[in-house]
Amino acid sequence: MLLLRRVSFLLPWPSPRAPLAKPLLLLLLLRPPRTLPSTERPLASMAAPSAPAGGRTAAMSRDAFRAAVTNTLERRLFFVPSFKIYGGVAGLYDYGPPGCAVKANVLAFWRQHFVLEEGMLEVDCPCVTPEVVLKASGHVDKFTDLMVKDEKTGNCYRADHLLKDFCKDKLEKDHALSPEQTEEYNKILAILDDLSAEQLGAKIKEYGIVAPDTKNPLSDPYPFNLMFQTSIGPSGLSPGYMRPETAQGIFISPRQGLLRVREFTLAEIEHFVDPEDKSHPKFGDVSDLEFLMFPREDQMAGRSATRLKLGNAVSEGTVNNETLGFFIGRVYLFLTQLGIDKDRLRFRQHLPNEMAHYAADCWDAEIECSYGWIECVGIADRSAYDLRAHSNYAFLMSVLDRTKVVRNLKRMKSLQNPEKWSHYPSCEAKLVITPSKKELGLAFKGNQRMVLEALEAMGETEALDMKAALESKGEVEFKVCTLGKDVTIKKSMVSINVEKKKEHQRKFTPSVIEPSFGIGRIIYCLFEHCFYQRPGKGEDEQLNVFGFPPLVAPIKCTVFPLVKLEKFEVVAKKISKALTAAGISHIIDMTGNTIGKRYARTDEIGVPLAITVDNTSSVTVRDRDSKDQIRVEVDEVASVVKEVTDGQSTWADIMWRYPTHTASAADDEEAEP
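Residues numbered from 1 in each chain as written. Predicted model: local features only at pLDDT ≥ 70, side-chain atom pairs only at ≥ 80, totals over all residues. Heavy atoms only, no water.

An unreviewed UniProt entry lists the chain under the name glycine--tRNA ligase, from Dichanthelium oligosanthes. If you open the UniProt record of the chain and go to Subcellular location (unreviewed entry), you find "Cytoplasm". What UniProt records for the chain under Subunit (unreviewed entry) is the sentence "Homodimer." (UniProt positions renumbered as here; feature names shortened; annotations may be inferred.)

Set out below in structure tokens:
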């Protein structure tokens, strides 16, 4: 089962002295970005892996790289601050046209990769959830994060973030640190999510951490519930909440660039599995994958993530079971096929204090970007906790209905021991209690139903004792709780027998494996991983490029008449019609700008292919990253583009089949004037 939903959070209002968050797109997942220490890396090492070796970005700090990406995203309308003409609100953003297209493409591939390939069923849940549901799940009481408050202004801050920022600043800027201090700060960053409220408060006091805006002292950490409360219906008597993330420990603060928003999109898989057999028939498809994994033992020891083969990780017990391992492998394939750099993707196991008490195991897919390592997907074995919690809570609610008391007592007995089952098919001796409705009706009139339900709810010992008494005496006194008195049951009123029955199925409460995807975080990291710069015509000029794979590119190709001639425009319109018929998103640009400027403009929004109409019978097709061009007949060009954008062939495959075209000086990219 898959869930796709929007999520909202109630947040402490940002300090009036703090600037509004820089525009941000997106949607997020699980806890806020967990940034582990890393040295400043030049932009060249963070550029898109698809960028040609000679066209990579010059060395640049993380902050400068982030600014280049963000400015390009803003300027090309991948996103815009919501309600901008009214000043905007920190943490609320709208997708612009290319951003909408990228998000739609990511979600479409998510459905293809999981829904279609795994034969799953999809549901789309409402944003508003009644309080009773979240009370049962524990969110009303426990969905909190630890905050500290400026003791003079009342401004609130995330406690672990202040400690994390302090340690990072010390490691990056204080070159006089002793080896012992360096080891201590690294250890704190590694186990940050494992610290209790008392430990966080003690470290904040020990290091003299104060409010970042005012330098005032801070309060002790206290829990803050993250859900956005509302009411359902005009009466206001039915409380509810905007649906939160189901995992524990999330907090969203609109203060860290493009990764923190107040509303975001989640895509979740709820995979039900037999708790006695968590093998997976398709685990062999992913068992040979090898990628960065960060087990909790390595984190606690201060070691780095290492490459492990997934099959070995499962067989050695590092990953709890095959089904959990299967989804870790599938998530790895999903992210890398989207365009995430596999060398900046790792799977980190939750530390003991991060895991819910009921969870068997939990791993986060973390992606490195300019903010550090960011949690983007959580893959958890949640055992049968959710199903049991809601079943038991539903029972307690129904007990309020007096007519259901006895029926639910019988149901509760089965819930108390849901995992006592036998292998099927099998023969078992079963107690069968068959009340006679006719005899009970004649004897008890309007109380017939309560007596009948009390008889059906008898346990095995009580029923067998009644059977013996009826056979020896013909009648027995029987207490009916709902009547508050004893009644006389005669032998004709009930039949109690032990029968052998063949069971063809087994009943059990399944465990749930839950991969939960923060779509916006994935998209932002994808933006950074695909972004690079290459030299323009000017001496210091740098042209921005998003090297999106065709799979997620907002527009698959462009069509440019080389010059404004009617015969070329006719051909361009013909090609556009063929592309539309083939289902290929494209734009046609008949402006008078030079071809170089038009190339640069579309490279900046990540269009992988450009068709230039310079002839009435054949055209050139240009690849964005290599800038290589081939010549293709007009009638073939739509099928060639579709072949590449659908992933049937690579650009290298196409280059072998068609003649190359040598670009003239006029074809070189130029920046926008």
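K.L.:
I tried to follow the overall build of the chain on my own but got confused; where do I start?
P.N.:
Helix and strand counts for the chain come out as 21 helices and 30 strands. In the chain, buried positions account for 53% of the 673 residues. In the chain, the share of contacts with a sequence separation of at least 24, taken over all contacts with a separation of at least 6, comes to 72%. When the accessible surface of the chain is split by element, carbon and sulfur atoms take 54% of a total near 30700 Å². (Helix = DSSP H or I, 4+ residues; strand = E, 2+ residues; numbered from the N terminus. Buried < 20%, exposed > 50% of the residue type's maximum accessible area, 1.4 Å probe, protein only. Contact = heavy atoms within 4.5 Å. Areas by Shrake-Rupley, 256 points an atom, 1.4 Å probe, with all protein chains shown as cover.)

K.L.:
Explanation requested: the packing of aromatic side chains in the structure shown.
P.N.:
Between two aromatic rings, the relevant description is the distance of the centres plus the angle of the planes. A full pass over the atoms with the stated rule returns 23 aromatic pairs. An angle of 50° between the planes, with centres 5.0 Å apart, marks the rings of F291 and F347 as tilted. Taken together, the residues span a long stretch of sequence, with F291 in strand 13 (residues 290-294) and F347 in strand 15 (residues 345-349) at a distance of 56 residues. On the basis of relative accessible area, F291 is assigned to the buried category, the value being 0%. Three or more aromatic residues link up through ring pairs in this structure, and these residues are F65, F78, F527, F531, F546 and F548. A cation sits over an aromatic face here: R66 above Y371, 4.0 Å from the ring centre. (Phe/Tyr/Trp six-rings, centres within 6.5 Å; stacked < 30°, edge-to-face > 60°. Lys NZ or Arg CZ within 6 Å of the ring centre and 35° of its normal.)

K.L.:
It is not clear to me how the sheet that holds strand 9 (residues 229-232) should be interpreted in this structure. Could you clarify?
P.N.:
Each strand in a sheet pairs with its neighbour through backbone hydrogen bonds, running either in the same direction (parallel) or in the opposite one (antiparallel). Here we have three strands laid out as an open sheet, ordered 5-10-9, and antiparallel in their pairing. Here the strands that pair on one side only, and so sit at the sheet edges, are strand 5 (128-130) and strand 9. Pairs of neighbouring strands in the sheet enclose a mean axial angle of 45°, with direction left out of account. Bridge analysis of strand 9 against strand 10 (residues 238-242) gives four bridges, and the strand direction is antiparallel. Along strand 10, the bridge assignment pairs T230 with G240. (Pairing = 2+ DSSP bridges. Axes fitted to C-alpha atoms, helices over the stretch in contact; angles between N-to-C directions.)

K.L.:
Please explain the packing of helix 14 (residues 437-444) against helix 15 (residues 448-456) as it appears in this structure.
P.N.:
At a minimum axis separation of 9 Å, helix 14 and helix 15 run at an interaxial angle of 130°. One finds that helix 14 runs oblique with respect to helix 15. As for the relative orientation of helix 14 and helix 15, their crossing is right-handed in sense. Contact residues: helix 14 offers K437, L440, G441 and F444, while helix 15 offers Q448, V451, L452 and L455. Of the residues contributing to the contact of helix 14 with helix 15, the split by class is five nonpolar, two polar and one charged. (Parallel < 35°, antiparallel > 145°, perpendicular 65-115°, else oblique. Left-handed = near helix turned anticlockwise from the far one by under 90°. Nonpolar A, V, L, I, M, F, W, Y, C, P; charged D, E, K, R; others polar.)

K.L.:
Just checking my understanding: could you explain the pairing of strand 29 (residues 629-633) for this structure?
P.N.:
Remember that side chains alternate between the two faces of the sheet whenever the strand is regular. Bridging between strand 28 (residues 618-623) and strand 29 involves five bridges; their strand directions are antiparallel. Residue pairing for strand 29: V619 is matched across the bridge by V632. Hairpin connection between strand 28 and strand 29: a loop of five residues separates the two successive antiparallel strands, and K627 in this loop has a positive phi of roughly 65°. Inspection of the sheet shows strand 29 paired to strand 30 (residues 660-661) by two bridges, in the antiparallel sense. Paired with I630 across the strands is T660, a residue of strand 30.

K.L.:
Mind showing me how you'd approach the packing of helix 3 (residues 97-116) against helix 11 (residues 322-338) here?
P.N.:
Helix packing for two helices is described by the angle between their axes and how far apart those axes are. At a closest axis distance of 11 Å, the pairing of helix 3 and helix 11 adopts a crossing angle of 145°. Handedness of the helix 3/helix 11 crossing: right-handed. Contacts between helix 3 and helix 11 pair V106, F109, W110, H113 and F114 from the former with R330, V331, L333, F334, Q337 and L338 from the latter. When grouped by side-chain class, the residues that make up the contact of helix 3 with helix 11 number eight nonpolar, two polar and one charged.

K.L.:
Looking at this model, I keep getting lost on a nonpolar patch on the surface. Mind explaining?
P.N.:
Judged by side-chain polarity, F83, I85 and Y86 come together as a nonpolar surface patch covering roughly 460 Å² of accessible area. Position of Y86 among the secondary structure elements: in the loop between strand 2 (79-81) and strand 3 (93-95). By relative accessible area, Y86 is classed as exposed at 71%. (Patch = residues over 30% accessible without salt bridge, like charges linked within 9 Å, V, L, I, M, F, W, Y side chains within 5 Å. Salt bridge = Lys/Arg side-chain N within 4 Å of Asp/Glu carboxyl O.)

K.L.:
Any chance you could explain unusual backbone geometry here in plain terms?
P.N.:
Most peptide bonds take the trans configuration, and most residues that are not glycine carry a negative phi. Even without a glycine there, the phi angle at L77 is positive, about 60°. Its place among the elements puts L77 in the loop between helix 2 (62-75) and strand 2. Classification of L77 by relative accessible area gives partly exposed; the value is 43%. Despite not being glycine, K627 has its phi angle at roughly 65°, a positive value.

K.L.:
I tried to follow the nonpolar core on my own but got confused; where do I start?
P.N.:
The nonpolar side chains of a soluble globular protein tend to be buried with one another. F334, L335, F347, F517 and F527 are the most contacted members of the largest nonpolar core, which has 67 residues in total. Considering every element that reaches this core, the biggest residue donor is helix 11, with ten residues. When residues of this core are sorted by domain, at least three fall in each of domain 1 (98-125 + 257-423 + 510-546) and domain 3 (555-657). Of all hydrophobic cores here, the second largest spans 24 residues; its members include A572, L579, I654 and Y658. (Core = buried A, V, L, I, M, F, W, Y, C linked by side-chain atoms within 4.5 Å. Domains from an automatic or database assignment.)

K.L.:
Would you explain the pairing of strand 20 (residues 485-490) in this entry?
P.N.:
For strand 19 (residues 475-480) and strand 20, the ladder comprises six bridges, and the chain directions are antiparallel. Bridge pairing in strand 20 places V480 opposite K485. Between the antiparallel neighbours strand 19 and strand 20 lie four residues, among them G484 with a positive phi of about 70°.

K.L.:
Would you mind going over the side chain of N544 with me for this structure?
P.N.:
Among the structural elements, N544 can be located in strand 24 (residues 542-546). Polar contacts involving the side chain of N544 include one to the side chain of Q533, which spans 2.8 Å. For N544, the contacting residues outside a window of four places in its chain are T72, R75, F531, Y532, Q533, D603 and E604. (Polar contact = N/O pair within 3.5 Å; in protein donor to acceptor, adjacent residues only side chain to side chain.)

K.L.:
Sorry if this is basic, but what is going on with the sheet that holds strand 28 here?
P.N.:
The strand order 26-25-27-28-29-30 describes an open sheet built from six strands, whose pairing is mixed. The open sheet has two edge strands with one neighbour each: strand 26 (586-588) and strand 30. Looking at chain direction, strand 25 (residues 557-561) and strand 26 are connected through three bridges and run parallel. Note that in strand 26 the partner of V559 across the bridge is I588.

K.L.:
I tried to follow the confidence of the model for the chain on my own but got confused; where do I start?
P.N.:
Close inspection of predicted coordinates is inappropriate for parts of the model with low pLDDT. For the chain, per-residue confidence averages 80 on the pLDDT scale, and residues scoring 70 or more make up 78% of the total. Averaged pLDDT values for the elements of the chain fall to 44 in helix 13 (residues 405-416) and rise to 97 in strand 13. Here residues 5-44 is modelled with pLDDT under 50, and outside its nearest four sequence neighbours on either side it reaches 213 contacts, counting other chains as well. Low pLDDT (under 50) marks residues 245-255, which in the prediction has 66 contacts with non-local residues, meaning those over four places away or in another chain. (pLDDT = per-residue confidence, 0-100.)

K.L.:
What is the right way to read the pattern of salt bridges from this model?
P.N.:
Tallied over the full model, the rule gives 34 salt bridges. A salt bridge links R346 to E366; the nearest nitrogen and oxygen atoms lie 2.8 Å apart. Of this pair, R346 sits in strand 15 while E366 is found in strand 16 (residues 361-369), placing the two residues 20 residues apart along the sequence. Just as R346 is buried, E366 falls in that class too. For E643, the salt bridge is made with R657, and the minimal N-O distance between the two is 2.6 Å.

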